[in-house]
Amino acid sequence: QVQLVESGGGLVQPGGSLRLSCAASGSIFVINTMGWYRQAPRKQRELVATITSVGSTNYADSVKGRFTISRDSAKNMVYLQMNSLKPEDTAVYYCKLVQAGIRDNWGQGTQVTVSS
(Lines give C-alpha, C1' and ligand atoms only; values in the text may rest on other atoms or scores of the structure.)
Protein backbone atom coordinates (compact mmCIF):
# COMPACT_ATOMS: atom_id res chain seq x y z
CA GLN A 1 0.00 0.00 0.00
CA VAL A 2 1.35 3.40 -1.02
CA GLN A 3 0.08 6.80 0.02
CA LEU A 4 1.05 10.12 -1.56
CA VAL A 5 0.19 13.41 0.13
CA GLU A 6 0.75 16.75 -1.62
CA SER A 7 1.04 20.12 0.06
CA GLY A 8 2.08 23.67 -0.73
CA GLY A 9 -0.57 24.79 -3.16
CA GLY A 10 -2.38 28.11 -2.89
CA LEU A 11 -3.13 31.45 -4.49
CA VAL A 12 -0.23 33.45 -5.91
CA GLN A 13 0.06 36.50 -8.14
CA PRO A 14 1.52 36.24 -11.64
CA GLY A 15 5.29 36.25 -11.45
CA GLY A 16 5.24 34.73 -8.00
CA SER A 17 6.59 31.44 -6.68
CA LEU A 18 5.31 28.37 -4.90
CA ARG A 19 6.93 25.17 -3.71
CA LEU A 20 4.95 21.96 -3.77
CA SER A 21 5.85 18.95 -1.67
CA CYS A 22 4.79 15.33 -1.92
CA ALA A 23 5.35 12.79 0.84
CA ALA A 24 5.28 9.13 -0.09
CA SER A 25 4.74 6.37 2.45
CA GLY A 26 4.24 2.62 2.37
CA SER A 27 5.98 0.15 0.05
CA ILE A 28 8.49 2.36 -1.73
CA PHE A 29 11.07 0.65 -3.92
CA VAL A 30 14.62 1.99 -4.18
CA ILE A 31 14.23 2.34 -7.94
CA ASN A 32 11.26 4.45 -8.95
CA THR A 33 10.18 7.55 -10.76
CA MET A 34 8.25 10.35 -9.10
CA GLY A 35 6.57 13.15 -10.90
CA TRP A 36 4.17 16.04 -10.96
CA TYR A 37 1.19 16.30 -13.25
CA ARG A 38 -1.51 18.93 -13.48
CA GLN A 39 -5.09 19.21 -14.63
CA ALA A 40 -6.75 22.50 -15.45
CA PRO A 41 -10.54 22.84 -15.72
CA ARG A 42 -11.91 21.22 -18.87
CA LYS A 43 -8.46 19.96 -19.84
CA GLN A 44 -6.74 16.61 -19.70
CA ARG A 45 -4.16 15.83 -17.05
CA GLU A 46 -0.68 16.61 -18.34
CA LEU A 47 2.89 15.93 -17.33
CA VAL A 48 4.75 18.74 -15.60
CA ALA A 49 8.01 17.10 -14.55
CA THR A 50 9.45 13.76 -13.51
CA ILE A 51 12.55 12.65 -11.66
CA THR A 52 14.04 9.17 -11.41
CA SER A 53 15.68 7.62 -8.38
CA VAL A 54 19.08 8.51 -9.86
CA GLY A 55 18.09 12.11 -10.43
CA SER A 56 17.32 12.22 -14.13
CA THR A 57 14.70 14.84 -14.84
CA ASN A 58 12.20 15.56 -17.58
CA TYR A 59 10.08 18.69 -18.00
CA ALA A 60 7.17 19.80 -20.09
CA ASP A 61 8.24 22.49 -22.55
CA SER A 62 5.77 24.91 -20.98
CA VAL A 63 7.59 24.88 -17.62
CA LYS A 64 11.24 24.53 -18.64
CA GLY A 65 13.36 27.25 -17.08
CA ARG A 66 10.65 28.14 -14.55
CA PHE A 67 9.99 24.94 -12.59
CA THR A 68 12.48 22.67 -10.87
CA ILE A 69 11.76 19.17 -9.63
CA SER A 70 13.87 17.62 -6.89
CA ARG A 71 13.67 14.75 -4.46
CA ASP A 72 14.95 13.48 -1.15
CA SER A 73 14.91 9.72 -1.58
CA ALA A 74 15.89 9.09 2.04
CA LYS A 75 12.68 10.81 3.11
CA ASN A 76 10.59 9.65 0.14
CA MET A 77 9.83 13.26 -0.74
CA VAL A 78 9.55 15.02 -4.08
CA TYR A 79 9.33 18.77 -4.56
CA LEU A 80 8.35 21.16 -7.30
CA GLN A 81 9.74 24.68 -7.13
CA MET A 82 7.61 26.89 -9.35
CA ASN A 83 8.89 30.34 -10.27
CA SER A 84 7.63 33.03 -12.64
CA LEU A 85 4.14 31.60 -12.36
CA LYS A 86 1.60 32.45 -15.06
CA PRO A 87 -2.20 32.34 -15.00
CA GLU A 88 -2.04 29.36 -17.36
CA ASP A 89 -0.24 27.41 -14.63
CA THR A 90 -3.50 27.37 -12.68
CA ALA A 91 -4.50 23.75 -12.12
CA VAL A 92 -4.74 20.96 -9.62
CA TYR A 93 -1.26 19.50 -9.25
CA TYR A 94 -0.89 15.79 -8.62
CA CYS A 95 2.05 13.75 -7.40
CA LYS A 96 2.65 10.38 -9.06
CA LEU A 97 4.84 7.42 -8.12
CA VAL A 98 5.82 4.82 -10.72
CA GLN A 99 7.35 1.55 -9.60
CA ALA A 100 8.06 -1.48 -11.78
CA GLY A 101 5.57 -4.29 -11.56
CA ILE A 102 2.83 -2.48 -9.64
CA ARG A 103 0.18 0.03 -10.54
CA ASP A 104 0.96 3.73 -10.55
CA ASN A 105 0.03 5.67 -7.43
CA TRP A 106 -1.43 9.17 -7.34
CA GLY A 107 -1.92 11.75 -4.63
CA GLN A 108 -5.15 13.58 -3.99
CA GLY A 109 -3.93 16.80 -5.62
CA THR A 110 -3.29 20.35 -4.48
CA GLN A 111 -4.81 23.45 -6.06
CA VAL A 112 -2.52 26.11 -7.52
CA THR A 113 -4.19 29.35 -8.58
CA VAL A 114 -2.25 32.12 -10.30
CA SER A 115 -4.27 35.30 -10.36
CA SER A 116 -4.02 38.98 -9.59
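One structure accompanies this document, and this report is about it. (Residues numbered from 1 in each chain as written. Predicted model: local features only at pLDDT ≥ 70, side-chain atom pairs only at ≥ 80, totals over all residues. Heavy atoms only, no water.)

### Some points on the overall build of the protein
For the protein, the helix and strand inventory stands at 0 helices and 11 strands. Reading the secondary structure of the protein in the N-to-C direction produces β-β-β-β-β-β-β-β-β-β-β. What you see for the protein is a C-alpha radius of gyration of 14 Å, in line with the 13 Å of a compact globule of 116 residues. Structurally, the protein occupies a C-alpha span of about 40 × 25 × 20 Å along its principal axes. Buried positions account for 41% of the 116 residues belonging to the protein. In the structure as shown, the protein presents an accessible area of about 6200 Å², 49% of it carried by carbon and sulfur atoms. In the protein, the 12 positive side-chain charges and the 7 negative ones have mean positions that sit 1 Å from each other. (Helix = DSSP H or I, 4+ residues; strand = E, 2+ residues; numbered from the N terminus. Rg over C-alpha atoms; globule rule 2.2 N^0.38 Å. Buried < 20%, exposed > 50% of the residue type's maximum accessible area, 1.4 Å probe, protein only. Areas by Shrake-Rupley, 256 points an atom, 1.4 Å probe, with all protein chains shown as cover. Lys, Arg positive; Asp, Glu negative; His and termini not counted. Charge placed at Lys NZ, Arg CZ, Asp CG, Glu CD.)

### Quick word on the pairing of strand β5 (residues 46-52)
Bridge count for strand β4 (residues 33-39) against β5 is 6 bridges, and the pairing is antiparallel. What sits directly across from Gly35, in β5, is Thr50. Where β5 and strand β6 (residues 57-59) come together, 3 bridges link them in antiparallel fashion. In the strand pairing of β6, Ala49 is matched with Tyr59. (Pairing = 2+ DSSP bridges.)

### Quick look at unusual backbone geometry
For Asn76, which is not a glycine, the phi torsion comes out positive at approximately 55 degrees. Within the element layout of this structure, Asn76 appears in the loop between β7 (67-72) and β8 (77-82). Positive phi values are uncommon outside glycine, yet Ser84 reaches one of about 50 degrees.

### Quick word on the packing of aromatic side chains
Per the stated rule, a full pass over the model turns up 2 aromatic pairs. Where Tyr37 meets Trp106, the ring centres are 5.1 Å apart and the plane angle is 70 degrees; that geometry is what we call edge-to-face. A residue pair is termed long-range when its members are at least 10 positions apart, and Tyr37 in strand β4 and Trp106 in strand β10 (residues 105-106) qualify at 69 residues. On the basis of relative accessibility, which here comes to 34%, the residue Trp106 falls in the partly exposed class. For the ring pair Tyr94 and Trp106, a centre distance of 6.4 Å and an interplane angle of 85 degrees mean the geometry is edge-to-face. Of this pair, Tyr94 sits in strand β9 (residues 91-98) while Trp106 sits in strand β10, placing them 12 residues apart in sequence. Residue Tyr94 is classed as buried on the basis of its relative accessible area, which comes to 14%. By the ring-pair criterion, three or more aromatic residues cluster together here, those being Tyr37, Tyr94 and Trp106. (Phe/Tyr/Trp six-rings, centres within 6.5 Å; stacked < 30°, edge-to-face > 60°.)

### What about the pattern of salt bridges?
In the structure shown here, the tally under the stated rule is 5 salt bridges. Between Asp104 and Lys96 there is a salt bridge; the shortest N-O distance is 3.4 Å. Several salt bridges converge on common partners, so that one network encompasses Arg38, Glu46, Arg66 and Asp89. (Salt bridge = Lys/Arg side-chain N within 4 Å of Asp/Glu carboxyl O.)

### Describing the side chain of Arg71
Inspection of the secondary structure puts Arg71 in strand β7. Within the structure, Arg71 has its side chain in polar contact with the side chain of Asn32 (distance 2.7 Å). For Arg71, the side chain forms a polar contact with the side chain of Ser73, separated by 3.1 Å. Sequence-distant contacts of Arg71, defined by excluding residues within four places in its chain, comprise Asn32, Thr33, Met34, Ile51, Thr52, Ser53, Met77, Val78 and Tyr79. (Polar contact = N/O pair within 3.5 Å; in protein donor to acceptor, adjacent residues only side chain to side chain. Contact = heavy atoms within 4.5 Å.)

### Describing the environment of Gly107
Relative to the elements of secondary structure, Gly107 occurs in the loop between β10 and β11 (110-114). Residues Gly107 and Ala74, spaced 33 residues apart in sequence, show a C-alpha to C-alpha distance of 19 Å. If sequence neighbours within four positions are ignored, Gly107 has contacts with Leu4, Glu6, Tyr94 and Cys95.

Interpretation in functional terms is not warranted from these geometric data alone.
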